[in-house]
Amino acid sequence: MFLTTSVHFLFLVFLGMLSLVLLLIIAVLIYSFYQYRESLHTFRWSEIINKRISEVIVYGEETSAGHNFSTVSGNSLFRNLFLQKLAESEKKFSGAAQHKLRDLFKEYSLQEEALQKLNQKKIHLIAGGIQELTAMNVEESLPKISTFLAHPSAQVYQEAQYAMVHFKGFEGLHFLKSISTKISEWQQLRLLISVTSIPENSSNSIKSWVESSNDSVVIFTLKLLRKFQVLPLYPTVIDLLDHPSVEVRVQAVQTLLSLENSSTVSHLMEMYPHQPLEVQKEILKVIKKSKDQCSVDFLKDQLLNNTDSGIKVYAAEALCSLKKQDYLMEIAKNETSSEELIQIIKYALQEKVC
C-alpha cells in the first residue's frame, strides 16, 4: 500500500514538472514570436522611414509621404522609431539637410514623444529624449533638460551638459561651477566642439573653473584656453605647475605652448627640477616645438647627466630640432660616451625629428 502511494505521488510530481516545462516552452515560443514580430515591424518600418528621410533630403517639399508611411504614422511605436531615426540622421548631415530633418520633425509633431521621455524613469529613455530634443533643436525644452544636470546617471547628465552647450554655447558651461563628477575625454571633446566663441569679458568665469577642485573641469578649461588662446590667463596657467594632479600639470604645460610668450621656455626650465618625471618629459616636448635657442645648454645637461633614458631621448630630439646635429654626432663619437647614449643619439638623428 505504501509503495503504491509513493509511486502515485511520484507520478503526480512528474506530471507537474512536465506541465511546468511545457508551460515554459510555450511561454518562450510566444515571447520569441512576439520578438520576431517586433523585429519584423522594426525592419519594415525602418525601410519606410529611411526612404521618407532620403526623399525629404533630396527633394524637399516636392515629395509627399507614401501610403504605407501615412498608414502607420500614428502608431506610437512607429513614431518613436521615426524620432530615433531622425536624431541619428541629424548627426550625419549638416546645413540645409539638417533643416529639412527638423521640418520633418515638426510636420509630424514628434516633439511631444521626445518630451514624454523626459518624464520616464528608465535612464536610456531620458537620455534618448534629451538627445532627440537637442538634435531637433527644440530650444524651449532647455529649462526641463537643465534639471537633469544633477541626475545621478552619467548617461543622462552628460546629455544634459551637451544640450546646454549646444543651445547656449559658452554660456551653457555654467554647470562647471558646481559639477563634482568627472568629465570624460569624449565628453570634453563634444563640449569643445560645441563652443564656437567666448565673450570678451569671460576671463573671470574661466579663472574660477581653472581653480576648481574637480581636476577634469580644470583640464577641460585648459583645453578651452588652448582652443581660443586666452592670453590674459597665462599667469594663471603658470600657477598650475604646482597643482597636486600630474595630469593637470601636463595639460598646463601643453597650454603654455599655445599661449607662448618670450618667457615661456625660461619659466618651464625654471620649474623643471621640481616636476614629476611625466611633466618633465612634457616640458622637453614643448621646448622641442618652441625651438628656443636659450634652451640649448639646458638640453645638453639633460642629455648627458639625467639618469632616465626617456629624458635623454627627448633631450636629444629637442637638440636635433634646434639644429645641433653636429654636437650630437660629436658626443656619439666620443669614446667616453656610454653605449646607451650613443644609441639614443643615433635614434634621434635617424628619426630626423628636426
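Check the entry above for the structure.
Read on for a plain summary of the structure. Everything numeric in this text was worked out from a predicted model, so none of it was measured.

Focus: the nonpolar core
Turning to step 1, where the next piece is worked out: Core analysis: the largest hydrophobic core is formed by 99 residues, its most contacted members being Phe 82, Leu 86, Ile 130, Leu 173, Leu 176 and Leu 303.
Turning to step 2, where the next piece is worked out: At seven residues, the largest contribution of residues to this core is made by helix H11 (residues 215-228).
Turning to step 3, where the next piece is worked out: If sequence neighbours within four positions are ignored, Leu 303 has contacts with Lys 312, Ala 315, Ala 316, Leu 319, Tyr 327, Leu 328, Leu 341 and Ile 345.

Focus on a nonpolar patch on the surface
Turning to step 1, where the next piece is worked out: Together, Leu 12, Phe 14, Leu 15, Leu 18, Val 21, Leu 22, Ile 25 and Leu 29 give the surface a local cluster of nonpolar side chains, amounting to about 720 Å² of exposed area.
Turning to step 2, where the next piece is worked out: When you line up the elements, Leu 15 lands in helix H1 (residues 2-59).
Turning to step 3, where the next piece is worked out: Look at Leu 15 and you get partly exposed, because its relative accessible area is 36%.

Topic: the state of the cysteines
Simply put, disulfide is the name for a covalent bond between the sulfur atoms of two cysteines.
Turning to step 1, where the next piece is worked out: Taken as a whole, this structure holds zero disulfides when the rule is applied.
Turning to step 2, where the next piece is worked out: Not engaged in a disulfide, the cysteine Cys 294 finds its nearest cysteine sulfur in Cys 320; these two sulfurs lie 18 Å apart.
Turning to step 3, where the next piece is worked out: Taking relative accessible area as the criterion, Cys 320 reaches 1% and is therefore assigned buried.

With respect to the environment of Pro 273
Turning to step 1, where the next piece is worked out: Among the structural elements, Pro 273 can be located in the loop between helix H14 (264-271) and helix H15 (277-290).
Turning to step 2, where the next piece is worked out: Judged by relative accessible area, Pro 273 falls into the exposed class, the value being 56%.
Turning to step 3, where the next piece is worked out: Sequence spacing of Pro 273 and Ala 154 is 119 residues, and the spatial spacing of their C-alpha atoms is 39 Å.

Section: helix H16 (residues 296-305)
Turning to step 1, where the next piece is worked out: For H16, the set of buried residues is Val 296, Phe 298, Leu 299, Gln 302 and Leu 303. Buried residues in H16, looked at end-on, bunch into an arc of 165°, giving them a common side. H16 presents Asp 297 and Asn 305 as exposed residues on the side facing more than 90 degrees away from its buried surface.

Describing the environment of Leu 10
Turning to step 1, where the next piece is worked out: Here Leu 10 shows up in helix H1.
Turning to step 2, where the next piece is worked out: When its relative accessible area of 56% is taken as the criterion, Leu 10 is described as exposed.

Basis of the calculations
Residues numbered from 1 in each chain as written. Predicted model: local features only at pLDDT ≥ 70, side-chain atom pairs only at ≥ 80, totals over all residues. Heavy atoms only, no water. Core = buried A, V, L, I, M, F, W, Y, C linked by side-chain atoms within 4.5 Å. Buried < 20%, exposed > 50% of the residue type's maximum accessible area, 1.4 Å probe, protein only. Helix = DSSP H or I, 4+ residues; strand = E, 2+ residues; numbered from the N terminus. Contact = heavy atoms within 4.5 Å. Patch = residues over 30% accessible without salt bridge, like charges linked within 9 Å, V, L, I, M, F, W, Y side chains within 5 Å. Areas by Shrake-Rupley, 256 points an atom, 1.4 Å probe, with all protein chains shown as cover. Salt bridge = Lys/Arg side-chain N within 4 Å of Asp/Glu carboxyl O. Disulfide = S-S within 2.5 Å. Arc of directions from axis to C-beta.

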